[in-house]
Amino acid sequence: MYLITLDSETDFESWRKAARALTLHQIAPADVTWNVQGRAKDSVAAGLCEASSFPPTETDSTFSVPANFIELARVAALHRDDERFALLYRLLWRLRSDHDLLEIRTDPDVAQATAMAGNVKRDVQRMRDVIRFREIGREHKAHYAAWFVPEHHIVEFAAPFFARRYADMPWSILTPDICAHWDGHAISFTPGIRQTEMPAPNRLEETWRRHFRPNHLIMPEAPKQRRRNLSEASILEPLLADAERWTGGRVPPWPEAPMKRKSAVDNLEALREEAAHCRACHLYKDATQTVFGEGPKSANIMLVGEQPGDKEDLAGHPFVGPAGQMLDRALEEAGVDRKKVYVTNAVKHFKFVPRGKIRLHQKPNTPEIRACRQWYEREVSAIQPDLIVAMGATAAQSVFGKITPIGKNRGRLIDLPDGRKALVTVHPSYLLRLPDPQAKVLAYQRFVEDLKIAAGLQKKAARAA
Ligand code: URA
């Protein structure tokens, strides 16, 4: 009997190496016990033979497995089931004599591994959907932290997504398994936080300070295999897509119950209600109310503005004041039906300074945009638009997750990392502010031209429906 001990729960490379050596030595799955360092295993005490005691392999002995097995195994190996490494070795063993085994979806081993990959994939999606960063550590340099409890060993796998999406803000994702940190250049990992120490939202900063004072983030004493840089980690990211392709999203979860998918409309109503109590930045203090996005849940176009103005703040609806009227006119001229688009803002509270009876609009700053971005992201995941139109610099910063110049990017479709398209254009209130009437006419025409791209997409979608 052989005992293979992997360095960590996510040490797929060691599994792969060991599995290959075991297969070449004709060691049957029933004769192998898989363990992970730190995991208690009675069999360890039973004095099993360590893998290092294999006889040397024949140099020319080799075998090949289908590429989609490696793709599947990499994702399924992140499942929390302790038996997953044994299952994957059993599959590998059987693949040698039955190269097309993975095509037999009803085979119990194939079905189980496939379902495990599906569960992992869903957990990654859940992490993407629910992670909400809170700003902490203001007195030094802003840092953002979120608490998350993964069902599977997905944190290292999922971290590159957050690094790309929140590229310009330093963040930490704290979990009971492992904590991921992004400093703007590289991802690093430190040990997890015990679940009993799970921080309440308003205690997140305290927990973060206790475990990771800022200069401890790149911990020299952290075990080497726990530190990865982005380029290495980003190799993993496409595998998620591979897993999705492999599992086809059709395989029922195993062994957990299927996650219920709320309808977009439920999500939106819940979001609106939650956003009404948002305290992620200070803007709620002076604003009348949160002005959330509006539009049909079936919208395939999402328009994003900067923040509600004076009128919107009082009415509780986006784009109902002068900028909204300008927008309506341009949309109509471009051939976009406003009733069919979802309209929202990057920042959901009115930021202003009082001047007598007037409330003077103030541009939101980066921390305010970042604090509010969670709502934009959750609106995107509830609406699932094909096209997101960013009107003005604030909207563009929120849509792209970084400062994005308008002039250089406007008027063409840009691919977003999640597969959607973005269109950048000016904000309608920029047109209102232009003092020169001729410049105003020209700028307005260009704005309409930009919106015609959205109109084209809306018409195409209507034809396809
Ligand atoms: N400007 C915006 O960006 N949004 C509104 O809702 C109104 C004005």
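See the structure above.
Residues numbered from 1 in each chain as written. Predicted model: local features only at pLDDT ≥ 70, side-chain atom pairs only at ≥ 80, totals over all residues. Heavy atoms only, no water.

## Looking at the overall build of the protein
Alright, step 1. Scanning the protein from terminus to terminus reveals 17 helices and 15 strands.
Alright, step 2. In the protein, 73% of the contacts between residues at least 6 apart in sequence involve partners at least 24 apart.
Alright, step 3. Surface exposure of the protein reaches about 22700 Å², of which carbon and sulfur atoms provide 53%. (Helix = DSSP H or I, 4+ residues; strand = E, 2+ residues; numbered from the N terminus. Contact = heavy atoms within 4.5 Å. Areas by Shrake-Rupley, 256 points an atom, 1.4 Å probe, with all protein chains shown as cover.)

## Digging into the side chain of asparagine 300
Alright, step 1. Among the structural elements, asparagine 300 can be located in the loop between α10 (264-275) and β9 (301-305).
Alright, step 2. Other than its neighbours up to four places away in sequence, asparagine 300 contacts Lys340, Pro385, Asp386, Leu387, Leu457, Gln458 and Ala461.

## Quick notes on unusual backbone geometry
Alright, step 1. At glutamine 26, a residue that is not glycine, the phi angle is positive and equals roughly 60°.
Alright, step 2. Tracing the backbone through its elements, the reader meets glutamine 26 in the loop between α1 (12-24) and β2 (32-36).
Alright, step 3. Located in the positive-phi region is glutamine 384, a residue other than glycine, with phi close to 55°.
Alright, step 4. Relative to the helices and strands, glutamine 384 resides in the loop between α13 (366-383) and β13 (387-391).
Alright, step 5. Taking the relative accessible area as the measure of exposure, glutamine 384 reaches 39% and is therefore partly exposed. (Buried < 20%, exposed > 50% of the residue type's maximum accessible area, 1.4 Å probe, protein only.)

## Structural notes on the sheet that holds β9
Alright, step 1. Strand order in the open sheet formed by 5 strands is β10-β9-β13-β15-β14, with mixed pairing between adjacent strands. Lying at the two open borders of the sheet, with one neighbouring strand each, are β10 (342-345) and β14 (413-415). Pairs of neighbouring strands in the sheet enclose a mean axial angle of 25°, with direction left out of account.
Alright, step 2. The strands touched by helix α14 (residues 393-400) are β9, β13, β14 and β15 (421-425); relative to β13, the strand with the most contacts, the crossing angle is about 140°. (Pairing = 2+ DSSP bridges. Axes fitted to C-alpha atoms, helices over the stretch in contact; angles between N-to-C directions.)

## Comments concerning the pairing of strand β6 (residues 171-174)
Alright, step 1. Burial along β6 is two-sided: Trp171 and Ile173 and Ser172 and Leu174, pointing in opposite directions, are all buried.
Alright, step 2. In the sheet, strand β5 (residues 143-147) pairs with β6 via 4 bridges, with the strands oriented parallel. Within the sheet, the bridge partner assigned to alanine 146 lies in β6 and is isoleucine 173.
Alright, step 3. Taken together, β5, helix α6 (residues 155-165) and β6 form a β-α-β motif whose crossover is right-handed. (Right-handed = clockwise from strand over helix to strand, strands pointing away.)

## Notes on the sheet that holds strand β7 (residues 178-182)
Alright, step 1. The mixed open sheet is built from 5 strands, whose spatial order is β4-β5-β6-β7-β8. Looking at strand neighbours, the two that pair on one side only are β4 (134-136) and β8 (187-191), the edges of this open sheet. Taking each pair of neighbouring strands and ignoring which way they run, the sheet shows an average axis angle of 25°.
Alright, step 2. As defined by bridge partners, β6 adjoins β7 across 3 bridges and the pair is classed as antiparallel. Across the sheet, the residue bridging to isoleucine 173 is alanine 180, located in β7.
Alright, step 3. Across the sheet, α6 lies against β6, β7 and β8, angled at about 140° from β8, the strand it touches most.

## Regarding the pairing of strand β12 (residues 358-361)
Alright, step 1. As paired elements, strand β11 (residues 352-355) and β12 share 4 bridges and run antiparallel to each other. The residue bridging phenylalanine 352 from the neighbouring strand is histidine 361, located in β12.
Alright, step 2. Connecting β11 to the next strand, β12, in antiparallel fashion are 2 residues, including glycine 356 with a positive phi near 60°.

## Focus: the side chain of asparagine 345
Alright, step 1. Here asparagine 345 is to be found in strand β10.
Alright, step 2. Reaching out from asparagine 345, the side chain makes a polar contact with the backbone nitrogen of glutamate 306 at a distance of 3.3 Å.
Alright, step 3. Leave out the neighbours within four places in its chain, and asparagine 345 touches Val304, Gly305, Glu306, Gln307, Pro308, Pro318 and Phe319. (Polar contact = N/O pair within 3.5 Å; in protein donor to acceptor, adjacent residues only side chain to side chain.)

## As for the environment of asparagine 68
Alright, step 1. With respect to the helices and strands, the residue asparagine 68 is situated in helix α3 (residues 67-76).
Alright, step 2. For asparagine 68, a relative accessible area of 24% translates into the label partly exposed.
Alright, step 3. Separated by 34 residues in the primary sequence, asparagine 68 and leucine 102 place their C-alpha atoms 8.5 Å from one another.

## As for the site of the ligand
Alright, step 1. With respect to spatial proximity, the complete set of residues near the ligand consists of Gly305, Glu306, Gln307, Pro308, Gly309, Glu312, Pro318, Phe319, Ala323, Asn345 and His427.
Alright, step 2. Within the contact set of the ligand, an oxygen atom lies 2.7 Å away from a backbone nitrogen or oxygen of glutamate 306.
Alright, step 3. At 2.6 Å, a side-chain N or O of histidine 427 approaches an oxygen atom of the ligand.
Alright, step 4. In isolation the ligand has 230 Å² of accessible area, and contact with the protein removes 93% of it.
Alright, step 5. Taken together, the residues that form the shell around the ligand break down as 4 nonpolar, 5 polar and 2 charged. (Near = heavy atom within 4 Å. Nonpolar A, V, L, I, M, F, W, Y, C, P; charged D, E, K, R; others polar.)

## Some points on α6
Alright, step 1. The element α6 is largely enclosed, with a buried count of 9 among its 11 residues.
Alright, step 2. All of the buried residues in α6 are Val155, Glu156, Phe157, Ala158, Ala159, Pro160, Phe161, Phe162 and Ala163.

## A closer look at the pattern of salt bridges
Alright, step 1. Within the structure shown, the criterion is met by 23 salt bridges.
Alright, step 2. Among the salt bridges present, the one from arginine 165 reaches glutamate 377, with a minimum N-O distance of 3.3 Å. Of this pair, arginine 165 sits in helix α6 while glutamate 377 sits in helix α13, and the two are 212 residues apart along the sequence.
Alright, step 3. Residue arginine 165 is classed as partly exposed on the basis of its relative accessible area of 21%.
Alright, step 4. Where salt bridges share partners, they join Arg90, Arg94, Asp107 and Asp109 into one cluster. (Salt bridge = Lys/Arg side-chain N within 4 Å of Asp/Glu carboxyl O.)

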